[in-house]
Amino acid sequence: MTVKEIGLWIFIFFLYSFFGWVGESCYRSVKQKKFVNRGYLNGPWLPIYGFSALIILYLTYPFKERIAMVFLVGALSVSIIEVVVGLSMEKLFHVRYWDYRGVPLNYKGYIALPISLLWGVLAVLLVRFADHQVMQLTACLPLPILYVADSILLALFLFDVILSTIQALHLKRILHNNIQSINERNKRLRKQVKKHRAELNEKVLKKAEKALKRNPSIFSSKHNAGLSEMRTMINEIKDKLNKDQGK
């Protein structure tokens, strides 16, 4: 693989990450009736779409004319990615960024047959139609512009990953300290705010709130708390801290 080809693949990764972000953000925004910046990251990209697109294009290259094989490989590969990423994110941050448990024929909420079939259809559209257009577009870019664009995108992406991880860890800390039991929420709130006042400051809460706003369907199986409980807890902590600061 040449240096130019590597540059093209990097640029294509960001393109499909952006397309995925646009699709998911539009869907969530319509559903929530307000703009939702979807995803784990702050920026306009969902890397799981970028990685999935590259993997599908690579795996299906030898038989890209065989629609059935492309469909099968696309459905299986993206489903595997969803399981691996979903399990890893929940292990690291104790929350789920998607949950298919309401979808028929799902596996622990990480994947579901109807969703996997949708990935297969999208894989066919990607390989047979979208890829050709995208390759023509990127091939027209002069090498200096391509390298500069890749460098800027990679720098911004790395910064976003670090920032978003910090926000997710703050959210994890709030959940760990304050959502041990929803039934005893008020009692634990008074104790935890007093004990962790120095940690649960305004800056920490804002970072956790950003992570929640980007992921309206976020779910925590470890703490058995849904989105509404998390937001209520954060609001109560903020109210309590504001009252304490006003004394």
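Residues numbered from 1 in each chain as written. Predicted model: local features only at pLDDT ≥ 70, side-chain atom pairs only at ≥ 80, totals over all residues. Heavy atoms only, no water.

Please clarify how the environment of Gln-167 should be interpreted in this entry.
For Gln-167, the position within the fold is in helix H5 (residues 143-178). When the C-alpha atoms of Gln-167 and Lys-210 are compared, they prove to be 7.5 Å apart, with 43 residues separating the residues in sequence. Only 3.4 Å separates the side chain of Gln-167 from the side chain of Asn-42, close enough to count as a polar contact. (Helix = DSSP H or I, 4+ residues; strand = E, 2+ residues; numbered from the N terminus. Polar contact = N/O pair within 3.5 Å; in protein donor to acceptor, adjacent residues only side chain to side chain.)

Even after reading the chapter, I still don't get the pattern of salt bridges, so can you show me in this structure?
Any two side chains of opposite charge can pair if their charged atoms end up close together. Across all of its chains, the model carries 5 salt bridges by this definition. The salt bridge involving Arg-101 is made with Asp-99; its shortest N-O contact spans 3.0 Å. By relative accessible area, which is 29% here, Asp-99 ends up partly exposed. Residues joined by salt bridges that share partners form a network here, namely Glu-90, Arg-96, Asp-99 and Arg-101. (Salt bridge = Lys/Arg side-chain N within 4 Å of Asp/Glu carboxyl O. Buried < 20%, exposed > 50% of the residue type's maximum accessible area, 1.4 Å probe, protein only.)

Would you explain the packing of aromatic side chains in this entry?
Taken as a whole, this structure holds 12 aromatic pairs when the rule is applied. Ring geometry for Phe-13 against Phe-51: centres 4.7 Å apart, planes inclined by 50°, an arrangement best described as tilted. Of the two residues, Phe-13 is situated in helix H1 (residues 3-32) and Phe-51 in helix H2 (residues 47-60); the sequence distance between them amounts to 38 residues. Judged by relative accessible area, which is 47%, Phe-51 ranks as partly exposed. In this structure, Arg-96 packs its charged tip against the face of Tyr-110, placed 4.3 Å from the ring centre. (Phe/Tyr/Trp six-rings, centres within 6.5 Å; stacked < 30°, edge-to-face > 60°. Lys NZ or Arg CZ within 6 Å of the ring centre and 35° of its normal.)

Explain empty space enclosed by the protein here, please?
To find the voids left in a structure, one rolls a probe of water-molecule size over its atoms. Overall, the coordinates contain 1 cavity of 30 Å³ or more when judged by the stated rule. Taken as a whole, the largest cavity spans an internal volume of roughly 30 Å³. Lining the largest cavity are Gly-86, Met-89, Arg-96, Tyr-97, Trp-98 and Tyr-110. Classifying every residue of the lining of the largest cavity gives 4 nonpolar, 1 polar and 1 charged. (1 Å grid on protein atoms, 1.4 Å probe; cavity = no way out; pocket = protein on both sides within 12 Å on 5 of 7 lines; lining within 4 Å. Points joined across faces, edges and corners; volume = space filled by probe spheres on them. Nonpolar A, V, L, I, M, F, W, Y, C, P; charged D, E, K, R; others polar.)

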